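Observations on chain architecture
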Amino acid sequence: MTDEMNLIAWSLEEVAERHGDPTAAVYDRLFAQNPEMAELFIGDKTGAARGEMLAVVFQTLLDFSGDGAYGANMIRAEVVNHENLGVPPGVFATFFRTVMETLREMLGADWTPQVAAAWDEMLAGLDAAIHREAAV
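Here goes a summary of the coordinates provided. Predicted model only: the values in this text are computed from it and were never measured. (Residues numbered from 1 in each chain as written. Predicted model: local features only at pLDDT ≥ 70, side-chain atom pairs only at ≥ 80, totals over all residues. Heavy atoms only, no water.)

1. Some remarks on the overall build of the protein chain
Of regular secondary structure, the protein chain possesses six helices and zero strands. When the elements of the protein chain are put in sequence order from the N terminus, they spell out α-α-α-α-α-α. For 136 residues, the compact-globule estimate of 2.2 N^0.38 gives 14 Å, and the C-alpha radius of gyration of the protein chain, at 14 Å, lies within 12% of that figure. Counting the 136 residues in the protein chain, one finds 42% classified as buried. Restricting to contacts in the protein chain with at least 6 residues of sequence separation, those with at least 24 account for 72%. Surface summary for the protein chain: the accessible area is close to 7,300 Å², and the carbon and sulfur share equals 56%. Each charge class in the protein chain can be summarised by its mean position, and for the 8 positive and 22 negative side chains these summaries are 5 Å apart. (Helix = DSSP H or I, 4+ residues; strand = E, 2+ residues; numbered from the N terminus. Rg over C-alpha atoms; globule rule 2.2 N^0.38 Å. Buried < 20%, exposed > 50% of the residue type's maximum accessible area, 1.4 Å probe, protein only. Contact = heavy atoms within 4.5 Å. Areas by Shrake-Rupley, 256 points an atom, 1.4 Å probe, with all protein chains shown as cover. Lys, Arg positive; Asp, Glu negative; His and termini not counted. Charge placed at Lys NZ, Arg CZ, Asp CG, Glu CD.)

If you want it as C-alpha cells, here you go:
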C-alpha cells in the first residue's frame, strides 16, 4: 500500500467517522456548482442512486490510488455507460474534484499539505484516464 493510498483511505475513513455518510454533502456541492447536473438525477427521489454511485466512486478512488487492479477499467466502463445517457466524459473529472472539495471542507484543518498532495496526484491520474477514454 502506497503513502498516497494511506492518505486517500485516511481521508475517506476520517470523514465517515466524523460525519457519517457524506453523500448529501457531495451532491449538494455538485448541484450548487453545476445546477444542470441535478437534472441527471431527477428520477432518484430517495437518493439511493446517488449513494450507490458515491460508494462505487470511493471504491474506485481507493483502487486507483492503490494497486490499480480495476480503477481505470471502472472509469472506462462508466464513461461509456454515462455517454449513452448523454453525460459527457468531463463530468467525471468535475465529480471527482467535487468529492475532494467536500472531503477537504469536512476535514478542515486536518486536511494537511500531504493529504492535498495525495489527492492532487490521484486527481491528475484520474483526469488523464478520463481524457484517454474520451479520446478513444
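More follows now that the structure is in view.
2. Observations regarding the layout of surface pockets
Here the largest pocket defines a volume of roughly 430 Å³. Every residue lining the largest pocket is counted, 21 residues in all, and those nearest its centre are Phe-41, Met-53, Glu-78, His-82 and Phe-92. Mapped onto the lining of the largest pocket, the elements with two or more residues apiece are helix 3 (48-65), helix 4 (71-83) and helix 5 (90-107). Here the lining of the largest pocket gets six residues from one element, more than from any other, and that element is helix 3. Across the lining of the largest pocket, the residue classes break down as 16 nonpolar, two polar and three charged. (1 Å grid on protein atoms, 1.4 Å probe; cavity = no way out; pocket = protein on both sides within 12 Å on 5 of 7 lines; lining within 4 Å. Points joined across faces, edges and corners; volume = space filled by probe spheres on them. Nonpolar A, V, L, I, M, F, W, Y, C, P; charged D, E, K, R; others polar.)

3. Considering the nonpolar core
Membership of the largest hydrophobic core comes to 34 residues, with the highest contact counts inside it found for Leu-61, Phe-96, Val-99 and Trp-119. Elements that contribute at least two residues to this core include exactly helix 1 (3-19), helix 2 (23-33), helix 3, helix 4, helix 5 and helix 6 (113-135). (Core = buried A, V, L, I, M, F, W, Y, C linked by side-chain atoms within 4.5 Å.)

4. Points about the packing of aromatic side chains
Under the criterion given, the structure shown has five aromatic pairs. With a centroid separation of 5.8 Å and an interplanar angle of 55°, the aromatic rings of Tyr-27 and Phe-31 are classed as tilted. You can see Tyr-27 and its partner Phe-31 sitting in helix 2, four residues apart, about one turn around the helix. A relative accessible area of 1% means that Tyr-27 is categorised as buried. Owing to a relative accessible area of 18%, Phe-31 belongs among the buried residues under this scheme. A network of ring pairs unites the aromatic residues Tyr-27, Phe-31, Phe-41 and Phe-95 as a single cluster. (Phe/Tyr/Trp six-rings, centres within 6.5 Å; stacked < 30°, edge-to-face > 60°.)

5. As for the environment of Ile-8
The residue Ile-8 is located in helix 1 in this model. Here the alpha-carbon distance between Ile-8 and Ala-128, two residues 120 residues apart in the chain, equals 18 Å. Residue contacts for Ile-8: discarding those within four places in its chain leaves Leu-61, Leu-62, Ser-65, Ala-118, Trp-119 and Met-122.

6. Topic: the pattern of salt bridges
Across all of its chains, the model carries four salt bridges by this definition. In this structure, the salt-bridge partner of Asp-110 is Arg-18, at a minimum N-O distance of 2.4 Å. Of this pair, Asp-110 sits in the loop between helix 5 and helix 6 while Arg-18 sits in helix 1, and the two are 92 residues apart along the sequence. In this structure Asp-110 comes out as partly exposed when scored by relative accessible area, which is 34%. The exposure class of Arg-18 is partly exposed, given its relative accessible area of 35%. (Salt bridge = Lys/Arg side-chain N within 4 Å of Asp/Glu carboxyl O.)

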